[in-house]
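# Working through the structure, step by step
Single-letter residue listing:
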Amino acid sequence: MAHDIPTRRSWVNLDTGALEDNFRLLRSLAPEGAECVAVVKADAYGHGLGICAPAAARAGAQWLGVTSVEEGVAARAACPEARILIMCGAFPGQAAAVIAHRLTPVVWESWQIADLQAAARAAGLGARALAVHLEIDTGMSRQGVRSGDLKPVLAQIATSSPLRVEAVMTHLYASDEADLLRTAKQMKELEQALSVIAPALQPEWLSVGASSALLGGTAAKIAALAARWNLRPMLRLGLALYGVAPRFEPAFARGDEPASLRRGWAELRPVLSWKSHVVSVREIPAGAEVGYNGTFVATEPMRVALVAAGYADGLDRRLSNRFSLLIRGQRAPLVGRVSMDHCVVDVTEIEGVRPGDEVVLLGRQDGETISAYDHADATGTIPWEVFTRIGSRVARIAE
Ligand SMILES: *Cc1c(COP(=O)(O)O)cnc(C)c1O
């Protein structure tokens, strides 16, 4: 049977058709005239930029959102036509690369503006030739200018500047709370900033809201605010694009969920499946210990299978002795500690397991499913982290 064993230890399959359908669904749920940025930062949430960015573009995404100039350069190579938003801005010395690769940086610090202006002048760009998105800190205390500190920024981006503030941007930090109290406060703060910026700089877009804002119904409020200032709304969508609807906490009252959230639950399809295979199967007697430090001891004779994936592949070590993987459509409990390159599962109750059998770490097998939320709940984190922890040695393969 040895010839049946896959040579890859662990791999990710990507359903690009699902990603394309997800993008089209999200765009149909967005307010009329809204632009939907496909967020492909962090290697497309660990899914693989080189496969996911072109899929988003095929589905009609005009904009891609990434973290850094380095990620922007990689996105440019994958999508020569797309607009590419650098959501965490450029670092000193990167402004020439921003121009060369036609990237659109978020700005909020005076040195970022000065760097970009100097590079744009050096490149011979005229007034308003280089688009930037100006971020406002509306309450998250992360990136952005406070609305009370806008004056010097506006003075720095005078009409002769080679920079054009194409969008006013902010990030909602609690749009997954169904009561939306924090979001309402942020929107008020944003309107305050718009009243200063919009008359002075005539931006085109109001860039606010991620997956939870779209699915949770905040997008309509963003669109209304944009319309009051003659702007078009721009949403920046990540998690939902990959087929996972964010949870709301506190949740909406049962039956009171926005229609968009119900559509998300019903129609978004996970893009990623993470798989490995059985390397070998062994019988162990009662009293045998499994894995480092013998944290699992067999209380009776058992059959266990060695799986070719460990924490270096992104399988969280905190799942040791408290999670199951799928083999032959059944749940096989992890026994003993997850090690760097391996884990061991109990297959005593599963008929006929043999080397080469497919193991699903995340995804579906014969009607059984392990979701990103299952992983996240078992390790006290969120699906965003589960996806982005999948290791770089795990091949990403388009289905
Ligand atoms: C990651 C990110 C998003 C996308 O968030 P999701 O919740 O994954 O949709 C949007 N905007 C900014 C600034 C981000 O950093």
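Presented here is an overview of the structure given in this document.

About the thresholds
- Residues numbered from 1 in each chain as written.
- Predicted model: local features only at pLDDT ≥ 70, side-chain atom pairs only at ≥ 80, totals over all residues.
- Heavy atoms only, no water.
- Near = heavy atom within 4 Å.
- Polar contact = N/O pair within 3.5 Å; in protein donor to acceptor, adjacent residues only side chain to side chain.
- Areas by Shrake-Rupley, 256 points an atom, 1.4 Å probe, with all protein chains shown as cover.
- Nonpolar A, V, L, I, M, F, W, Y, C, P; charged D, E, K, R; others polar.
- Helix = DSSP H or I, 4+ residues; strand = E, 2+ residues; numbered from the N terminus.
- Contact = heavy atoms within 4.5 Å.
- Axes fitted to C-alpha atoms, helices over the stretch in contact; angles between N-to-C directions.
- Parallel < 35°, antiparallel > 145°, perpendicular 65-115°, else oblique.
- Buried < 20%, exposed > 50% of the residue type's maximum accessible area, 1.4 Å probe, protein only.
- Pairing = 2+ DSSP bridges.
- Right-handed = clockwise from strand over helix to strand, strands pointing away.
- Salt bridge = Lys/Arg side-chain N within 4 Å of Asp/Glu carboxyl O.
- Expected span 1.5 Å × (residues − 1).
- Left-handed = near helix turned anticlockwise from the far one by under 90°.

### Describing the site of the ligand
- Neighbouring the ligand are 14 residues, the closest being Lys-41, Tyr-45, Ser-211, Gly-238 and Trp-384.
- Side-chain polar atom of Ser-211 to an oxygen atom of the ligand: 2.5 Å apart, as the coordinates give it.
- A distance of 2.8 Å is found between an oxygen atom of the ligand and a side-chain nitrogen or oxygen belonging to Trp-384.
- Its free accessible area being 390 Å², the ligand has 90% of it covered by the protein chains.
- Residue classes in the shell around the ligand are distributed as eight nonpolar, three polar and three charged.

### A look at the side chain of Asp-357
- Within the fold, Asp-357 resides in the loop between β16 (343-346) and β17 (358-365).
- With residues up to four places along the chain from it excluded, the contact list for Asp-357 reads Ser-276, His-277, Val-278, Ile-327, Arg-328 and Gly-352.

### A short note on the packing of helix α1 (residues 16-29) against helix α11 (residues 259-267)
- Their axes nearest at 11 Å, the elements α1 and α11 cross at an angle of 170 degrees. By the angle between their directions, the pair α1 and α11 is classed as roughly antiparallel. Contacts between α1 and α11 involve Asn-22, Leu-25, Ser-28 and Leu-29 from the former and Ser-260, Arg-263 and Glu-267 from the latter.

### Details of the side chain of His-277
- Structurally, His-277 is set in strand β10 (residues 272-284).
- You can call His-277 buried: its relative accessible area is 4%.
- Looking at His-277, its side chain comes within polar contact range of the main-chain oxygen of Arg-8, at 3.0 Å.
- Leave out the neighbours within four places in its chain, and His-277 touches Ile-5, Pro-6, Arg-8, Arg-9, Trp-11, Leu-306, Val-307, Ala-308, Gly-356, Asp-357, Glu-358 and Val-359.

### Notes on the sheet that holds strand β8 (residues 205-207)
- Overall, parallel pairing links the eight strands, which are arranged β2-β3-β4-β5-β6-β7-β8-β9 in a closed barrel. Within the sheet, the average angular offset between the axes of one strand and its neighbour, ignoring direction, is 30 degrees.
- Pairing of strand β6 (residues 130-135) with strand β7 (residues 163-169) involves six bridges; the strand directions are parallel. Note on β7: the bridge partner recorded for Leu-130 is Leu-163.

### Digging into the pairing of strand β4 (residues 83-86)
- Bridging between strand β3 (residues 63-66) and β4 involves four bridges; their strand directions are parallel. For Gly-65, the partnering residue across the bridge sits in β4 and is Leu-85.
- One crossover worth recording links β3 to the parallel β4 by way of helix α4 (residues 69-78), and it is right-handed.
- The sheet contact formed by β4 and strand β5 (residues 103-107) spans three bridges and is parallel.

### A word on the pattern of salt bridges
- For the coordinates displayed, the defined rule picks out 20 salt bridges.
- A salt bridge links Glu-166 to Arg-83; the shortest N-O distance between them is 2.9 Å. Of this pair, Glu-166 sits in strand β7 while Arg-83 sits in strand β4; the two residues are 83 residues apart in sequence, bridging distant segments of the chain.
- When its relative accessible area of 4% is taken as the criterion, Glu-166 is described as buried.
- Judged by its relative accessible area of 27%, Arg-83 falls in the partly exposed class.
- Residues participating in the shared-partner salt-bridge network are Asp-15, Asp-21, Arg-24 and Arg-269.

### Some remarks on helix α6 (residues 110-122)
- Between its first and last C-alpha, α6 extends 18 Å over 13 residues, near the 18 Å set by a 1.5 Å rise per residue.
- Among all positions of α6, only Gln-112, Ile-113, Leu-116, Gln-117, Ala-119 and Ala-120 are buried.
- With its phi angle positive at about 75 degrees, Gly-124 sits one or two positions after the end of α6.

### Quick word on the packing of α1 against helix α3 (residues 49-58)
- At a minimum axis distance of 8 Å, the contact between α1 and α3 shows a crossing angle of 45 degrees. Taken together, the axes of α1 and α3 lie oblique to each other. As for the relative orientation of α1 and α3, their crossing is right-handed in sense. Within the contact between the two elements, α1 uses Thr-16, Leu-19 and Glu-20 and α3 uses Ile-51, Cys-52, Ala-55, Ala-56 and Arg-58.
- Grouping the amino acids of the contact of α1 with α3 by side-chain chemistry returns five nonpolar, one polar and two charged.

### What to know about unusual backbone geometry
- Following Glu-249, the chain continues to Pro-250 via a peptide bond in cis, the omega torsion being 0 degrees.
- At Asp-43, a position not held by glycine, the phi torsion is positive, near 55 degrees.
- On the secondary structure map, Asp-43 appears in helix α2 (residues 41-45).
- For Asp-43, a relative accessible area of 39% puts it in the partly exposed group.
- Residue Leu-180 is not a glycine yet carries a positive backbone phi of 55 degrees.

### Notes on helix α12 (residues 372-379)
- Within α12, six of the eight residues are buried, leaving the element largely enclosed by the surrounding structure.
- For α12, the complete set of buried residues consists of Ala-372, Tyr-373, His-375, Ala-376, Ala-378 and Thr-379.
- Looking at the packing, one finds that the buried side of α12 touches β17, β18 (368-370) and α13 (383-388).
- One side-chain oxygen at the N-terminal end of α12 lies 3.3 Å from the backbone nitrogen of Tyr-373; it belongs to Ser-371.
- Gly-380 lies just past α12 and shows a positive phi near 70 degrees.

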